[in-house]
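What the coordinates show
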Amino acid sequence: STHDALLNIQGLTVSYGGIQAVKGISLQVHTSELVCLIGSNGAGKTTTLKAIAGLLPFSANACTYKQTHHLGHMQAHQRLQAGISLVPEGRGVFARMSIEENLEMGAYCRKDNADILLDLEKIYDTFPRLKERRKQSAGTLSGGEQQMLAIGRALMGRPELLLLDEPSMGLAPLMVEKIYEVVEQVSKTGVTILLVEQNAHIALQIADRAYVMDSGSIELDGNAAELMSDPRVRQAYLGEE
Ligand code: ATP
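Residues numbered from 1 in each chain as written. Predicted model: local features only at pLDDT ≥ 70, side-chain atom pairs only at ≥ 80, totals over all residues. Heavy atoms only, no water.

Some details on the site of the ligand
The local shell around the ligand holds 13 residues, among which N41, K45, T46, T47 and E166 are the closest. Side-chain polar atom of E166 to an oxygen atom of the ligand: 2.7 Å apart, as the coordinates give it. The fraction of the free accessible surface of the ligand (630 Å²) that becomes covered by protein chains is 58%. With 3 residues, the single largest contributor to the shell around the ligand is helix 1 (residues 45–53). (Near = heavy atom within 4 Å. Polar contact = N/O pair within 3.5 Å; in protein donor to acceptor, adjacent residues only side chain to side chain. Areas by Shrake-Rupley, 256 points an atom, 1.4 Å probe, with all protein chains shown as cover. Helix = DSSP H or I, 4+ residues; strand = E, 2+ residues; numbered from the N terminus.)

So, the nonpolar core
Counting 51 residues, the largest nonpolar core has L162, I193, L195 and L204 as the members making the most contacts within it. In terms of residue count, the dominant contributor to this core is helix 7 (residues 173–188) (7 residues). The contact partners of L162, leaving out residues within four places of it in the chain, are S85, V87, A154, L155, V186, V191, T192, I193 and L194. In this structure, V22, A51, A53 and Y211 belong to the second largest nonpolar core, which totals 29 residues. (Core = buried A, V, L, I, M, F, W, Y, C linked by side-chain atoms within 4.5 Å. Buried < 20%, exposed > 50% of the residue type's maximum accessible area, 1.4 Å probe, protein only. Contact = heavy atoms within 4.5 Å.)

A short note on the environment of P57
Note on placement: P57 falls in the loop between helix 1 and strand 4 (62–65). Given the relative accessible area of 67%, P57 is considered exposed. Expressed as a C-alpha distance, the spacing of P57 and G152, which sit 95 residues apart in the sequence, is 27 Å.

Observations regarding the sheet that holds strand 8 (residues 192–197)
Taken in spatial order, the 6 strands line up as 6-7-8-3-9-10 in an open sheet, and their pairing is mixed. Of all strands in the sheet, those bounded by a partner on one side alone are strand 6 (84–87) and strand 10 (217–223). Adjacent strand axes in the sheet meet at a mean angle of 15° when their direction is disregarded. Bridge analysis of strand 3 (residues 34–38) against strand 8 gives 5 bridges, and the strand direction is parallel. Note on strand 8: the bridge partner recorded for L37 is V196. Sheet contacts for helix 6 (residues 143–155): strand 6 and strand 7 (161–165); angle to strand 6, the most-contacted strand, approximately 170°. Lying on the sheet, helix 7 is in contact with strand 3, strand 7 and strand 8; it crosses strand 8 at an angle near 155°. (Pairing = 2+ DSSP bridges. Axes fitted to C-alpha atoms, helices over the stretch in contact; angles between N-to-C directions.)

Considerations on the pairing of strand 3
In terms of burial, strand 3 is a largely internal element, 5 of the 5 residues being buried. Here strand 3 shows no split at all, with L34, C36 and I38 on one side and V35 and L37 on the other all buried. Relative to strand 9 (residues 209–214), strand 3 runs parallel, the two sharing 4 bridges. Bridge pairing in strand 9 links I38 to V212.

Some words on the environment of M74
By the secondary structure assignment, M74 is in the loop between strand 5 (69–70) and helix 2 (76–81). Note on M74: relative accessible area 13%, which makes it buried. Sequence separation between M74 and A53 is 21 residues; the distance between their C-alpha atoms is 9.6 Å. When near neighbours in sequence (up to four residues on either side) are disregarded, M74 contacts H69, R79 and A82.

Thoughts on the packing of helix 6 against helix 7
Relative to each other, helix 6 and helix 7 sit at 10°, their axes nearing to 10 Å. Judged on the interaxial angle alone, helix 7 and helix 6 are roughly parallel. Helix 6 and helix 7 meet at a crossing whose hand is right-handed. The residues of helix 7 that touch helix 6, namely those facing G144, E145, Q147, M148, I151 and L155, are M175, K178, I179, V183 and V186. (Parallel < 35°, antiparallel > 145°, perpendicular 65-115°, else oblique. Left-handed = near helix turned anticlockwise from the far one by under 90°.)

Things to note about the sheet that holds strand 4
With respect to topology, 4 strands assemble into an open sheet ordered 2-1-4-5, the strand pairing being antiparallel. In this open sheet, the two edge strands, each paired with only one partner strand, are strand 2 (19–29) and strand 5. Bridge count between strand 4 and strand 5: 2 bridges; the pairing is antiparallel. Looking at the pairing, T64 lines up with H70 of strand 5. Its contacts with the sheet place helix 1 against strand 1 (7–16) and strand 2, and it is angled at close to 110° to strand 1.

These figures come from the coordinates and say nothing about function on their own.
And the structure:
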């Protein structure tokens, strides 16, 4: 139901100047779920994530996190402290800082130093590539490695709700597969995930549920496996005739 959702959004509207990019959408994400938001370029997916993370103002009938937190009343850093972490499109790693410094930045809200070190080791276990290169500057990493670093940095904040914006963007198919393996692994540890993707095929494969967005509105939603076999989804988003 909508009442026990970790994230409950009703009638979310986000505008750029006078133009509505998100037109009154409703969506829910339950604890430990992996939900994806798919749709073509310009549908309003990134705008939705940014509004949830606190990077864009919005209006809504309801936009609550853990039932009692009204996101509209919280600054971006308060949402982060409450466990909401965004891995932005284009990743935004600190290019001149080392990989390890980037990861440490992800824990800047935390004071449990011993646990921070344990989490760092866990992330290095998940991403051995990052461990090998821990002292190098992040700018020397490939696009896929930077994506891994951005996910690792978000995990260093021990998020409860991870917002992932197009982790497959610009990556070669093998790297996309690797990234998605990690997303699935993270999901299995119990982190709740809202994933935005243009690549509907890969997102629907790992998601529990999905929302299909077009021109600022949710057109369809449901179980990911069911949506994958829905003729409307197959035709519009999976490249079938
Ligand atoms: P993409 O995957 O390409 O990012 P998207 O579904 O995430 O697509 P948004 O980036 O949310 O779509 O964009 C939704 C609409 O809002 C588009 O029409 C876009 O042109 C417009 N838009 C996005 N950012 C801005 C901005 N900063 N100023 C004005 N309009 C914007």
